[in-house]
Each structure stands twice: as structure tokens, then as C-alpha cells.
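Residue-level structural notes
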Amino acid sequence: MNYTILVCDDDELIVNSIALHLQKEGYRVVKAFNGLEAIEAANKQDIHLILLDVMMPKLDGLSATLRIRQEKNIPIIILSAKSEDTDKIAGLNFGADDYITKPFNTLELLARVKSQLRRYTTLGSMVAEQQMLSTGGLWLDVDTSKVTLDGEMLKLTPTEYKILYYLMKNMGQVLSMHQIYENVWQEVAYAPENTVAVHIRRLREKIEINPKDPKYLKVVWGSGYMVEKI
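As a starting point, this report considers the structure included with it. Note that the coordinates shown come from a computational prediction; the quantities given were computed from them, not determined experimentally.

Points about the side chain of Asp97
- Counting through the fold element by element, Asp97 comes out in the loop between helix H4 (85-93) and strand E5 (98-101).
- Only 2.7 Å separates the side chain of Asp97 from the side chain of Arg69, close enough to count as a polar contact.
- Excluding anything up to four places from it in sequence, Asp97 contacts Arg69, Ile74, Pro75, Ile76, Leu92, Gln116, Thr157, Pro158, Thr159, Trp185 and His199.

In C-alpha cells, the structure reads:
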């Protein structure tokens, strides 16, 4: 499959450089230079992944991420010169799946792109002993990658789906942040706490009536998270 990647940065040199490396790997590249152009491209074309800068004119990358997330569940990787944890958490809170700090290593960027694409495009073909996972009113259909809560379809990002799938596949077991990170992100976990916690919080907001008093996704303090069998 020829994947199409949207690269958006207000620095034309950066966009062209990233595009060159992606094209060498066989990807088709769509270019944008501000948040509004990124949203327009995402709506008009079949995009499989977005690389999105934060600080841009007309509309910044975080605001663009938030608006794209209202309609699209495709992976979004934030590119930013800011390396503080608060900036990374902000990006994840706005709906990004990953975050890379500038200047970045090209090989790392390509590895993260491949990881996100693999996760996004193989969700529907994951093999499991059970084809339908459920607890209470929460249902996860492995064949279609659809999640419903009390009969209503939920819109999850690929990362949120993979976390929920992993937790529901191991229903009743407490899984540490390191276990969750290494299973979902498919890489060694180095201080994964902030990244996992942000995605768990976003997931809770979608599956829980009261996220502060969760029915399904429980935290076991000092140990990790679990989905309870109801």
C-alpha cells in the first residue's frame, strides 16, 4: 500500500527535507505550511498520517490537531522545538499520538512514522482468541476494530484503541505503565508515565460517565491500570 503522509511546518526547508526522506522510503507526501492548510488537506485527501509543527501562522499545530481530531482518527505526530514535559503533555491532550522534539534524528522520525502506520493499518487484522471483548456495556469488536458503549459507537484514536484492546484482552489483570507502553508503542519504555497517563485520561473521558469515578478503567495506585470484568 502506498501511504500518504501530510507534512505541515511553516519552515519550507524543514517540510522539503522531511518530504525527501519520506519519499525515499516510498511514501507519498502532501505539504502544508500552516494549520489551516493542514486541516484542508486532511479533509480533501486520503491521508494516513500527519506530521505537524506546533508554532505556525494562521492556526497553530495544537489547535489544528484538535480540529482534525473532531473528524479524523488518523495518527498525528507533533513536531516541536519545545522539549518540556508540559509541552509534550499538551500535545497529547489535544489528540496527538506521538511527539518528536526538534532537532530530531531522521532515523528516529522514520521509525516513529512506521510504528504509527503499522498500528493504524493493522488494528483490524489483529489476531485474538476472542473476536468480541466485553465488560458491562462496553464492547470491543476485534474484527472491525469498533468499540461501543451501551450501544453507542465510540470514536477512539488508534493509540486509544490499542490501549483499550490490550487492557480488555487482559481483563481483570493489573498492567503496569511499562507493560502498556511497550505493548502499545512497541518500543522500550523509558519514563513512560506521562505519555501513558495522558492517553488513559483521554480514554476514560470517552468510556466513563464519570471519569473521576470510573466504572471500567481502574487505576491501582503504585501498580498500574486494569479493565474490570463486570
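What about the nonpolar core?
- Leu138, Leu140, Leu164, Leu167 and Ile180 are the most contacted members of the largest nonpolar core, which has 29 residues in total.
- Of all the elements in the fold, those that place two or more residues in this core are strand E7 (138-141), strand E8 (146-149), helix H6 (158-169), helix H7 (177-185), helix H8 (193-207) and strand E11 (224-227).
- With seven residues, the single largest contributor to this core is H6.
- Ignoring anything within four residues of it in the chain, the contact list for Leu138 reads Leu133, Val147, Thr148, Leu149, Leu154, Leu164, Met168, Ile207 and Tyr216.

Overview of the packing of H7 against H8
- Packing of H7 against H8 leaves a shortest axis separation of 10 Å and a crossing angle of 80°. Taken together, H7 and H8 sit at an angle that is classed as roughly perpendicular. In contact with Met177, His178, Ile180, Tyr181 and Trp185 of H7, H8 contributes Glu193, Thr195, Val196, Ala197 and His199.
- Of the residues contributing to the contact of H7 with H8, the split by class is six nonpolar, three polar and one charged.

Considerations on H6
- For H6, with 12 residues, the first-to-last C-alpha span of 16 Å sits near the 16 Å given by 1.5 Å per residue.
- Burial runs high along H6: 11 of the 12 residues are buried.

Section: the layout of surface pockets
- Here the largest pocket is characterised by a volume of approximately 450 Å³.
- Together, 20 residues line the largest pocket, and Lys88, Tyr99, Arg112, Tyr181 and Thr195 are the ones closest to its centre.
- Looking at the lining of the largest pocket residue by residue, the classes come out as 10 nonpolar, three polar and seven charged.
- Taken as a whole, the second largest pocket encloses approximately 230 Å³ of empty space.
- Mapped onto the lining of the second largest pocket, the elements with two or more residues apiece are helix H3 (61-69) and H8.
- Broken down by element, the residue count for the lining of the second largest pocket peaks at three residues, all from H8.

Digging into the pairing of strand E6 (residues 132-135)
- Across four bridges, E6 lies against E7 in antiparallel orientation. Looking at the pairing, Met132 lines up with Asp141 of E7.
- Joining the antiparallel neighbours E6 and E7 is a turn of two residues, in which Gly136 adopts a positive phi near 60°.

Quick word on the packing of aromatic side chains
- Taken as a whole and judged by the stated rule, the model has three aromatic pairs.
- Relative to Tyr27, the ring of Tyr3 lies with its centre 6.5 Å away and its plane at 40°, an arrangement referred to as tilted. Within this pair, whereas Tyr3 is found in the segment before strand E1 (4-8), its partner Tyr27 is found in the loop between helix H1 (12-24) and strand E2 (28-32), the two being separated by 24 residues in sequence.
- Relative to Trp185, the ring of Tyr181 lies with its centre 4.7 Å away and its plane at 10°, an arrangement referred to as stacked. Remark: Trp185 and Tyr181 occur in helix H7; sequence separation between them is four residues, near one turn of the helix. Summarising the burial analysis for this pair, Tyr181 and Trp185 share the class buried.

Analysis parameters
- Residues numbered from 1 in each chain as written.
- Predicted model: local features only at pLDDT ≥ 70, side-chain atom pairs only at ≥ 80, totals over all residues.
- Heavy atoms only, no water.
- Helix = DSSP H or I, 4+ residues; strand = E, 2+ residues; numbered from the N terminus.
- Polar contact = N/O pair within 3.5 Å; in protein donor to acceptor, adjacent residues only side chain to side chain.
- Contact = heavy atoms within 4.5 Å.
- Core = buried A, V, L, I, M, F, W, Y, C linked by side-chain atoms within 4.5 Å.
- Buried < 20%, exposed > 50% of the residue type's maximum accessible area, 1.4 Å probe, protein only.
- Axes fitted to C-alpha atoms, helices over the stretch in contact; angles between N-to-C directions.
- Parallel < 35°, antiparallel > 145°, perpendicular 65-115°, else oblique.
- Nonpolar A, V, L, I, M, F, W, Y, C, P; charged D, E, K, R; others polar.
- Expected span 1.5 Å × (residues − 1).
- 1 Å grid on protein atoms, 1.4 Å probe; cavity = no way out; pocket = protein on both sides within 12 Å on 5 of 7 lines; lining within 4 Å.
- Points joined across faces, edges and corners; volume = space filled by probe spheres on them.
- Pairing = 2+ DSSP bridges.
- Phe/Tyr/Trp six-rings, centres within 6.5 Å; stacked < 30°, edge-to-face > 60°.

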